[in-house]
Each structure stands twice: as C-alpha cells, then as structure tokens.
Amino acid sequence: MNQNIAKVILPLAALSCAQGRMLAQDTARPNILYIMCDDHAMQAISAYGSPISKLAPTPNIDRLAKRGMLFRNCFVENSLSTPSRACLMTGLYSHQNGQRQLAEGIDTTKTFFPELLQKAGYETGIVGKWHMMCRPKGFDYYHILDGQGKYYNPTFCKTGNYGKYEQEMGYATSLTTKHAIEFLDNREKDKPFCLLVHHKAPHRSWFAEPKHIGMYDGVDFPLPKTFWDNYDDRGSAARTQKMNIEKDMELILDFKIPELLDTSDVESMASYAGLMGELGRMTAAQRMAWDKYYMPRNRRFIEAKLSGKELAVWKYQNYIRDYMAVIASVDESVGQLLDYLKAHDLDKNTVVIYTSDQGFYMGEHGWFDKRFMYEESLHTPLIISYPGHVKEGVENADMVQNIDFAPTFLAFAGVKQPKEMTGRPLQPLLAGQKSKDWRKDLYYHYYDYPTYHLVRKHDGVRNERYKLIYFYGKGGMRAVEENKYQKIPGTSEYNCLKYLNATNYFNDDPDVSYYELYDLQSDPDELHNIYGKKGTEKVTKQLMKRLNDYRKELKVDEY
Ligand code: SGN
Ligand code: CA
C-alpha cells in the first residue's frame, strides 16, 4: 500500500480485527465531527472564492479549509434534503435506499453507517436537523429538530423520547451547537466519537439570528452573470420550474413583508401563514430586534413601488443579504466547535468534515432552490481536515459524491465496508493520491415531481467535461399518478397537491422525454444545450452508453 494512503487508513484498519479489546488502543482511531448545513451553497463560503462570499466572508469555515482539503468537485446524487441524508446514512443511491422523494421512503432495513461505528466501539450522536421520517438508527445520543425545524425557539426531541418534541428558547443554530457541545462534554471519554451536527440553516426562508439581522444592509452583491438567463436554448423543464427569484420568491414569506397580506388570495394567505410560522414564535425581545430592521425596510420597499427588472434586482439583493446573515451564525458555530476541539486537546485526533445536503442557486439562471442537475445544485461544498494525516490547505478536483461519505467514515474507523454499500472511501484522495481507477463520471437522479418548485424528473451522467441529462415523465396533474407519496396524507407531496389544486400552479406543463448536453469546458455556465448539434455525435454516443451502463449496473427501475 502506498505510504500516504497508509497514513490515512492503516492505524485504523489494523484495529478492526481487534474490536472489543481495543480501548487501550483507541487513540489511534480518529473521532469524526461531521458538520452539515441545509442548502449551504459553495458560492457562500469564502474559501471557495466566489464574488458573493468576498463581501460576506466565512472566516471559521475558511480556517477549517486552511487546515485541510477543500473539494472543488463534490456532488450529490439527488439534490434534495432527505434523499441526500439517506445517501449519507447508507452510502447508497436513492433508488437503492428507497428515499427518492422528500417524503418518507428510506428503507429502514438498510444499514445506517453509525450502526457499524457503534459496533466498532464508537460513541455516536446527532444534533439538529434529522428530517428523516424514521427514528435515528445507530445513535447513542440524539437531540433533533422536528422535521424541517424552525429558526426561532424551535422544538427538539431527545434520546429515548423520539417524537416527543419540546420547545427550547433561542436560535436554531446556537441551540444545535449547544447540544453538540453537550454531547462532547458528556461522552464516554475512553471511546472515539462520531458526531453529526446538522444545522437547519440556511434553509428557506432565511431568518437570521437577532444579532445578525440586517448585517448586510446596504451591501450590494454582484449579480451572477447568468441572472437574466432566458432558457432559450433548453427543453421545457428550465422554463416550467417555479424557483425563479423574480417570479416565484414570495414577497410576504421570503422577504418578510406581512404588510402585503391579501386575505382574499389563497397564495397570499399561504405565504403569510409560512411567515407567521416563524414570526409567531418569537419572544417580544426577538420580535423587537426583527421589526427594528424589517419595518423600515418594508416601508421603503412598499413606497418604492418597484416593478420589472428593478424588482427582480431588489429581490436578489435582499435574498442574498438575508441568506448571508443566516450564514454568519453557521460560521460562528463552526468556530465554536473548532475552538472546543482545541481547548480539549481533541483537534489532532478528530477528522472534521464540513458540507451541505446539496448545493443551492444564489441567483444563477435567475434561481433559488436546488433539484436540477445543473452545476450549482449538483455541487455541494466539502472540506475535510485531519491534522497530520491530510495535507493542510490543499484542494482536490476529483469527482466525489455524497454516497462516498459513509464508506469514508467506516474506513477511518477501520470498519470493513459492507459489500452492498455503493459509495467509495475518499482515503486515497485524502492521502493526496490520484488513484487510477477513481471514478471518471457520476450518475444523478432527481424524482420529486410534481411538488414545490415543479422541477421535472431527470437523470443523467456528468464527466469532467460533459453532462448529459434526460428529462422525463408526465406533466401537470397527470404526474400525480406517478408520484408514490402524493396521495398519502401527511406527506409533503400530499400537502403540495392541495396547494397545486388550489392555485392553478401549472400553466402549460407537457409530458416530457428529451435530452440536454453541455460542454462544461467551453460553456461552464450551461447556457448552451448542444444536444443534437452537429459535431456532438461521438460524445453523445459515449455519454449515452455511460448513462445506460449506470442504469443497468445500478438496476435503476424507473423506465
Ligand atoms: C420547503 C421549502 C422549499 C424547499 C423544500 C425542500 N419551502 O418546502 O422551498 O424546496 O422545503 O427543501 S418553505 O417555504 O417551506 O421553506 S429541502 O432542503 O428540505 O430539501
Ligand atoms: Ca436542503
């Protein structure tokens, strides 16, 4: 074995056979601290160097990047919360672990990686957003939010009391950090630990902590160059989506303007209810901090009577301002956790991972949200540090995926990866090796239609240069028949169906079956679909073969 890889894996692998009598040796196995945010775009982390992040830096996440490896090409398999979390838990693609859509679906008979760590003598914990509709499996400790969780004074349930949610006063990011520290303080000190810190932030609708409200007021963020994309060159899915900042971001909910409530309008009422879901939970002091910033901002907005492009730009600016103010708390949390590790002499023997459950649009193509296989939502940030084992301040450009996380953690713990686990351990890459047989392309599949944001089903393959996407499925209400969860009361798909029915959400929504092809080298912004264009025959054939091979090898049963 190559010496560098050995440095990352060997001290651990040697122990796997000694499970049960390993306490004396346990300092050899690293602790794992996995921090995952919800919807944190790479564009919002200054270590990745985007123009937005230059105006709203993340010094603590950057601190982590300086002492570890920053991955430029980490991708999700299905750009949505619970599917990504299921990939994390199982190291399996969505159709293998069952969680294809946002609602319940994970096959709980599958092994969750923390179960294997537990068996190997690790103490395991999870705090914050769990979001899976099953009990946390494989955790000695949990302190988790209810579903998507709330930002203000949220409810949590804790170890042994699954489903019994109790309100805690404070802000979600700080409370989650507090519970992470409780786990670290109270853990059994002679065992290695694996702690998952899953922040609710910066999920929609971006409610900042009182001390950060309005911190970017007056800062003008640069518009992404694809902001005014008119999707000319593409199939219908890029046009029929409902995630456009200008058209679909709601003034009441997303921009927190309750003054605009129109009680005769269903959409206005739904938007207001969403907003009150947070404002209505605030204490008087929290609400005062809120109103101090938003009341004058709302008044100025209403008086300005903006429309057209001016309104679109106003929305973009205030979306980014609110989002980045939410990130400020996340960044502080990372700082607190890193400081804790140092103060407790745990920093050398702890692998720290920072990531998100998917990427997010920060105005690229005029969008927010995720779901599409286009770059900004397909990518997710990934930073891994393990002092003395992973080189400091380095970047990696290999194609890695969130199904690789579970195998990586098992390898750190010296636990043999179960045969059925599809992802691959990142240890060779962490050791700085370009392994010859590392994946040269990846498979992606999105299934959640017709639900919020109306992104059509698609799958596809991406290699280092090209991306082939296949959009498919029935349109409009005809798609409801194809949606497994849409008729099950209580699921998010069911709730959405009621909304779709009430609001004439669909305009012209055709059945689709078409491909798109992008050359990421000459067109990194994916503005020019070259599928069917002269000169692309050879590359189309190659990618089509790879896509079909993936579908066959992975037994994708959609078609
Ligand atoms: C909520 C959001 C959507 C978001 C989904 C999924 N609406 O429904 O904008 O796409 O969650 O997000 S909200 O008004 O309730 O915030 S995910 O990150 O959980 O997949
Ligand atoms: Ca998410």
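Residues numbered from 1 in each chain as written. Chains lettered and ligands numbered in written order. Predicted model: local features only at pLDDT ≥ 70, side-chain atom pairs only at ≥ 80, totals over all residues. Heavy atoms only, no water.

Trainee: Hey, could you go over the domain arrangement of the chain for me, with residue numbers and the actual values?
Mentor: As far as domains go, the chain holds domain 1 (29–211 + 313–553) and domain 2 (224–312). Of note, the centres of domain 1 and domain 2, computed from C-alpha atoms alone, are 25 Å apart. Taken together, the contact between domain 1 and domain 2 spans 57 residues of the former and 51 residues of the latter. Taking both sides of the interface into account, the surface hidden between domain 1 and domain 2 amounts to around 4,600 Å²; carbon and sulfur atoms contribute 58%. Counting the surface domain 1 buries against domain 2, the share from its top three residues, Phe 207, Trp 314 and Lys 315, is 18%. Our count for the domain 1 to domain 2 interface comes out at five salt bridges. Across the pair Asp 254 and Arg 204 runs a salt bridge, and its minimum N-O distance is 2.7 Å. Counting every contact that joins domain 1 to domain 2 gives 39 residue pairs in polar contact (both at pLDDT 80 or more). Those elements giving two or more residues to the side of domain 1 that touches domain 2 turn out to be α12 (308–343), α16 (492–503) and β16 (512–519). Counting residues per element, the side of domain 1 that touches domain 2 draws most heavily on α12, at seven residues. (Domains from an automatic or database assignment. Contact = heavy atoms within 4.5 Å. Buried area = accessible area lost by both parts, 1.4 Å probe. Salt bridge = Lys/Arg side-chain N within 4 Å of Asp/Glu carboxyl O. Polar contact = N/O pair within 3.5 Å; in protein donor to acceptor, adjacent residues only side chain to side chain. Helix = DSSP H or I, 4+ residues; strand = E, 2+ residues; numbered from the N terminus.)

Trainee: With reference to specific residues and values, describe the UniProt feature "modified residue: 3-oxoalanine (Ser)" (unreviewed entry) in the chain.
Mentor: Following the UniProt record, one finds the feature "modified residue: 3-oxoalanine (Ser)" (unreviewed entry) at Ser 81. Residue position: Ser 81 is located in helix α4 (residues 81–90). Here Ser 81 is in contact with Leu 102, Lys 129, His 131, Asp 357 and Gln 358, once residues within four sequence places are set aside. (UniProt positions renumbered as here; feature names shortened; annotations may be inferred.)

Trainee: So, the pairing of strand β10 (residues 382–385): which residues are in play, and what are the values?
Mentor: On β10, burial covers both faces: Leu 382 and Ile 384 on one face and Ile 383 and Ser 385 on the other are all buried. Where strand β2 (residues 69–71) lies against β10, three bridges are found, and the strand directions are antiparallel. For Met 69, the partnering residue across the bridge sits in β10 and is Ile 384. Pairing of strand β9 (residues 350–356) with β10 involves four bridges; the strand directions are antiparallel. (Buried < 20%, exposed > 50% of the residue type's maximum accessible area, 1.4 Å probe, protein only. Pairing = 2+ DSSP bridges.)

Trainee: Tell me about the nonpolar core, residues and numbers included.
Mentor: Counting residues in each nonpolar core, the largest one holds 95 residues, and the members touching the most others are Tyr 319, Tyr 323, Met 324, Tyr 354, Met 362, Phe 372 and Tyr 374. Looking at this core element by element, the count peaks at 17 residues for α12. Two domains each provide a minimum of three residues to this core, namely domain 1 (29–211 + 313–553) and domain 2 (224–312). If sequence neighbours within four positions are ignored, Tyr 323 has contacts with Asp 39, His 40, Ala 41, Ala 44, Pro 202, Trp 206, Phe 360 and Met 362. Membership of the second largest hydrophobic core comes to 45 residues, among which are Tyr 34, Val 351, Ile 353 and Tyr 386. (Core = buried A, V, L, I, M, F, W, Y, C linked by side-chain atoms within 4.5 Å.)

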